[in-house]
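Survey of secondary and tertiary structure
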Amino acid sequence: MDISNYKISIWRRIVQIIAFIVINYVIIEAIFSINLKSFEVFLKALPFLNSPRNPLSKGAGFVEYLFYSMAKGEFPFFIIALFLLFILFTNRFFCGWICPIGTIQDGLSTLGAKNKTVKKETHENLLKFKYFLIVLLLIIIVPLGITKTTDIAFHNDYKENLGSWAEQPVGFFSLSEYIFVFFPNLMTEIFENWEQTALEPLFSDFWVFFFFLFYLIVIMLAIFYPRVYCKYMCPFGAIAARLSRYSFLKLTRSPVRCVGRADCGICERVCPKQVRILDEPYEFFTGNGECNLCLRCKEKCPHNAIDIRFG
Ligand code: SF4
Ligand code: SF4
């Protein structure tokens, strides 16, 4: 595929900014003092396109919506089919070019601080953390969803014991939930009720406050460690990474053009996901599902050895 390499970063930034604004269209409302409430009709059809405005879902994103539905005892076939098709045809293009959380992290990593990498062994262990979170989520959510329709007495007991985890089981695991739902709502509360108890939602529950601080630290870390949340914590990233190898869209490396790690290795040094590109097969690489198709490696390769393959 012939893409003028030097233009990739510029195009990616443009797409990221447009996607950020479209997904969070409340920004347009704030800037131009207009009301786009009629957009909610699209949100009803595509509830994963969330913003604080979504009337259907608390969850800010694909996977958040999926888990919220499961917690309510629903199985959203439409969203799952859409998700699978998306990965099949575009792999993790969404992560590299569209996801607003990815855009925020990319912006932070350009703040001037020198980007760092995590030691290989530590990095590989940390990558597993997001799968642990998915398992934990399922342990909380599946019984919630099943018992809602089969054993309401158990459901109520279980919910009571879970406390705030039952109210927002996905929210605690999702940075996007905090940035695009919790935080704007908190700000609105503060502006509207400053003299009363504006900060109450923040201190109302230990876990809400704990995760607020936790995600604040994660965001700060993204200044030094690019895409730190995507790599180690994102629930979308965890599921997408497992499906990535089945996608039609992948990257290849030419065995003829590539001169190898000893003589070059630039691709690996610029990769924000720490993919060991040169340890991967030439035919295609996904970095065990971690590659988000940002195409930085392709852009920076001095020998034009990396290309996109479809099929
Ligand atoms: S930057 Fe290109 S030539 Fe250099 S190691 Fe990577 S793929 Fe090979
Ligand atoms: S392997 Fe290349 S395209 Fe994939 S995340 Fe790393 S730099 Fe981006």
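Presented here is an overview of the structure given in this document. (Residues numbered from 1 in each chain as written. Chains lettered and ligands numbered in written order. Predicted model: local features only at pLDDT ≥ 70, side-chain atom pairs only at ≥ 80, totals over all residues.)

Quick look at the overall build of the protein now. Helix and strand counts for the protein stand at 18 helices and 2 strands. For the protein, the proportion of its 311 residues judged to be buried stands at 33%. Within the protein, counting contacts between residues at least 6 apart in sequence, those at least 24 apart form 69% of the total. (Helix = DSSP H or I, 4+ residues; strand = E, 2+ residues; numbered from the N terminus. Buried ≥ 20, exposed ≤ 12 C-beta atoms within 10 Å, placed from the backbone. Contact = placed C-beta atoms within 7 Å.)

A general trend in soluble globular proteins is that nonpolar side chains are found buried together. Counting residues in hydrophobic clusters, the biggest one holds 39 residues, and the most contacted among them are Phe62, Leu66, Phe67, Ala71, Ile141, Tyr229 and Cys234. Elements with a contribution of two residues or more to this core: helix H4 (62-71), helix H5 (77-90), helix H9 (129-150), helix H12 (175-192), helix H14 (206-224), helix H15 (228-232) and helix H16 (235-243). The contact partners of Ala71, leaving out residues within four places of it in the chain, are Ile141, Leu144, Gly145 and Pro169. Leu251, Cys291, Leu295 and Cys301 belong to the second largest nonpolar core, which has 15 residues in total. (Core = buried A, V, L, I, M, F, W, Y, C linked by C-beta atoms within 7 Å.)

The topology assignment puts Gly287 in the loop between helix H17 (266-270) and helix H18 (296-300). Spatially, the C-alpha atoms of Gly287 and Ala241 are 9.0 Å apart, while their sequence positions differ by 46 residues. Each residue touching Gly287, except ones within four places of it in the same chain, is listed here: Lys273, Val275, Arg276 and Glu280.

The full set close to ligand 1 counts 13 residues, and Cys258, Cys264, Ile266, Cys267 and Cys301 are the nearest of them. Taken together, the residues of the shell around ligand 1 sort by class into 9 nonpolar, 3 polar and 1 charged. (Near = placed C-beta within 6 Å. Nonpolar A, V, L, I, M, F, W, Y, C, P; charged D, E, K, R; others polar.)

Moving on: the environment of Leu221. Take Leu221: it is sitting in helix H14. On the basis of neighbour counts, which here come to 16 C-beta atoms within 10 Å, the residue Leu221 falls in the partly exposed class. A sequence separation of 113 residues divides Leu221 from Leu108, and the C-alpha atoms of the two residues are 9.1 Å apart.

Glancing now at the site of ligand 2. Surrounding ligand 2, one finds 13 residues, the nearest of these being Cys271, Cys291, Cys294, Arg296 and Cys297. Of the residues contributing to the shell around ligand 2, the split by class is 9 nonpolar, 2 polar and 2 charged.

Once that is clear, we can look at the packing of H9 against H16. Close contact between H9 and H16 brings their axes to 9 Å; oriented N to C, the two are set at 105°. Comparing their axes, H16 and H9 come out roughly perpendicular. Residues Lys130, Tyr131, Leu133, Ile134 and Leu137 of H9 form the contact with H16, whose participating residues are Pro235, Gly237 and Ala238. (Axes fitted to C-alpha atoms, helices over the stretch in contact; angles between N-to-C directions. Parallel < 35°, antiparallel > 145°, perpendicular 65-115°, else oblique.)

You can see Thr150 is positioned in helix H9. Overall, the presence of 10 C-beta atoms within 10 Å leaves Thr150 in the exposed class. Counting along the chain gives 77 residues from Thr150 to Gly73, while the straight-line C-alpha distance between them is 9.6 Å.

Contact pair helix H7 (residues 100-109) / H14: the axes reach a minimum separation of 6 Å and the direction vectors enclose 50°. It follows from the interaxial angle that H7 and H14 lie oblique. The two elements H7 and H14 cross, and the hand of that crossing is right-handed. Within the contact between the two elements, H7 uses Gln105, Leu108 and Ser109 and H14 uses Ile219, Ala222 and Ile223. Within the contact of H7 with H14, the residues separate by chemical class into 4 nonpolar, 2 polar and no charged. (Left-handed = near helix turned anticlockwise from the far one by under 90°.)

Right, let's get into H9. Taking 1.5 Å per residue, 22 residues should reach 32 Å; H9 reaches 32 Å between its end C-alpha atoms and fits that length. Residues of H9 that are buried: Lys130, Leu137, Ile141 and Leu144. Next to the buried residues of H9 lie H4, helix H10 (152-162), helix H11 (164-167), H15 and H16. (Expected span 1.5 Å × (residues − 1).)

Let's shift gears to unusual backbone geometry. One non-glycine residue, Asn91, lies in the positive phi region at around 50°. The topology assignment puts Asn91 in the loop between H5 and helix H6 (93-98).

Here the focus is H16. Along H16, the residues classified as buried are Pro235, Phe236, Gly237, Ala238, Ala240 and Ala241. Among the structural elements, H4, H5, H6, H9 and H15 are those in contact with the buried residues of H16.

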